[in-house]
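One-letter residues, chain by chain:
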Amino acid sequence: MKKIVYTLLMQGCLMAATLFNVDIDGVKVPVIFEKDNRLPLASVEFVFKNSGVMASKKAGLVTLSASLLNEGTKQKGSLEFAKELEDRAIDFSVSAGNETFVFDIESLKEQFDFAIDKLIELLKDPNYTENTFKKIVTKRIGILTRKESDYDYVAKNGLKSILFEGTVLALPRLGTIESIKKLTLDDIKNYINTHIFLDNLIVVVGGDFKKEEIEKFVKKVAINLKRGKVEPLKKINANSKKENKEVYKNTQQAYIYFGAPYYMDISDKKDKVIGQVASFILGSSGFGSRMMEEIRVKRGLAYSAYSRFIVNKYSSYFTGYLQTKLSSEDEAQKLVKEIVENFVKNGATKEELESAKEFFLGYEPLSSETLPQRVNRAFHEYYSGVGLGFSKEKLEIIQNLTLKELNDFIKKHKEIENLSFFKVTQKK
């Protein structure tokens with residue numbers, strides 16, 4: 001079956017995205033376009049690079065700015081603005097990633113022009129009122145208060161505070177109760193005014209469009225954006241300090257998060273793909289992974305065990321987690337170290353590699369069935385620098401990957417042995 005899927009993909013049975021620029025007063029705005037005329041749908045993202053959470057040292061500011069822009073315009077307010085969209089079945093949202101800030105529209109094609117008009121309304125007249133600001137602050141503080149008893153959340157943020165100490169990645173994306181209380185409406189205005197620029201814009205389009213239609217609505221939106229420049233983000237590597245921290249809560253199980261450096265460039269085509277195969281074998285393939293097999297299946301030390309390599313444009317690291325009985329936490333934590341060290345020293349087996357190939361070659365069609373999936377894939381191919389259509393090349397790399405190549409790669413990455421742990425547990 002995997003050979004049939006692989007052959008179909010190599011013959012180009014999946015639609016391919018295209019890339020072109022729209023010139024706006026000398027600024028060439030890149031447009032990534034995935035055409036799909038099977039259904040009358042439109043899926044469009046206006047992505048502002050170098051404008052995500054990593055662009056601010058104030059914890060929670062960028063995600064709170066996205067929250068405010070989800071509150072409609074000052075003139076119409078959040079309810080009327082949302083109702084106009086809902087009446088036309090338009091999904092409109094604003095979100096912040098680590099590296100990007102995104103305006104997202106999904107609608108029927110016949111309603112798309114209206115959706116673009118609503119985006120322009122929002123850009124011209126954000127809901128900059130004290131009442132709206134107080135509303136989103138109160139809501140965020142409520143979320144963070146509840147998060148205090150979400151021990152996965154606590155442990156995950158605790159680990160990042162170790163791995164990325166002294167950098168913006170050490171700060172919680174949602175902020176803390178203390179940091180949110182310190183923010184002002186002027187902070188949000190200043191962030192938006194200094195990051196949402198024409199020069200940072202990338203447009204990602206999916207649906208039944210002609211190129212002329214795309215150029216028209218991109219220009220229509222772009223003329224409402226200021227010129228400006230945001231400094232490029234600096235790459236942040238996880239540290240290798242091998243630190244252990246724990247906090248005590250009234251819990252009946254231990255939440256253990258672990259991580260280490262993983263030196264990988266997102267544009268390194270072959271090594272990044274080999275890393276995905278290695279990650280699958282070590283910890284991200286569910287019950288077939290080393291982590292789950294050794295920790296849960298064979299020894300019953302954890303309810304779940306998972307790990308993966310995270311590779312972004314400006315950060316990359318190795319991370320994973322365990323949930324264990326309180327009586328098993330120390331043994332399970334020790335076993336994680338042994339599994340990683342053994343993996344780096346001895347690599348994968350032939351059976352593990354074949355199983356990984358079977359998964360990746362069979363999974364690719366499922367990961368690109370819907371229009372939003374294909375649009376998202378095309379954006380990441382462009383943004384990472386590997387080039388549109390790389391998914392086919394990726395399958396070729398996996399198909400031809402030898403056990404020696406895989407194990408040589410694994411042995412090169414001894415940095416993942418420099419594990420730090422953050423644990424939420426009960427005081428003994």
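Rules and cut-offs
Residues numbered from 1 in each chain as written. Predicted model: local features only at pLDDT ≥ 70, side-chain atom pairs only at ≥ 80, totals over all residues. Heavy atoms only, no water. Core = buried A, V, L, I, M, F, W, Y, C linked by side-chain atoms within 4.5 Å. Buried < 20%, exposed > 50% of the residue type's maximum accessible area, 1.4 Å probe, protein only. Helix = DSSP H or I, 4+ residues; strand = E, 2+ residues; numbered from the N terminus. 1 Å grid on protein atoms, 1.4 Å probe; cavity = no way out; pocket = protein on both sides within 12 Å on 5 of 7 lines; lining within 4 Å. Points joined across faces, edges and corners; volume = space filled by probe spheres on them. Nonpolar A, V, L, I, M, F, W, Y, C, P; charged D, E, K, R; others polar.

S.K.: So what exactly am I meant to see when it comes to the nonpolar core here?
M.R.: Soluble globular proteins tend to pack their nonpolar side chains together in the buried interior. Judged by nonpolar contacts, the single largest core of 59 residues is most densely connected at F46, F101, F103 and F217. One finds A254, I256, V273 and I339 within the second-largest nonpolar core, a separate group that totals 43 residues.

S.K.: Any chance you could explain unusual backbone geometry here in plain terms?
M.R.: With glycine set apart, most residues show a phi of negative sign, and most peptide bonds adopt trans. The phi torsion at N50 lies on the positive side, around 55°, for a residue other than glycine. With respect to the helices and strands, the residue N50 is situated in the loop between β3 (41-49) and α2 (61-69). Look at N50 and you get buried, because its relative accessible area is 8%. Its identity is not glycine, yet K242 carries a phi of approximately 55°, on the positive side. Of note, K242 is situated in the loop between β7 (236-237) and β8 (244-248).

S.K.: Would you mind going over the layout of surface pockets with me for this structure?
M.R.: A water-sized probe rolled over the atoms picks out the places where empty space is left. Approximately 350 Å³ is the volume found for the second largest pocket. Around the second largest pocket, the lining comprises 16 residues; the ones closest to its centre are E148, Y153, V154, N157 and T176. Looking at the lining of the second largest pocket, the elements with two or more residues in it are α5 (130-147), α6 (151-163) and α7 (177-182). Ranked by residues supplied to the lining of the second largest pocket, first place goes to α6 with five residues. Per-class residue counts for the lining of the second largest pocket are seven nonpolar, five polar and four charged.

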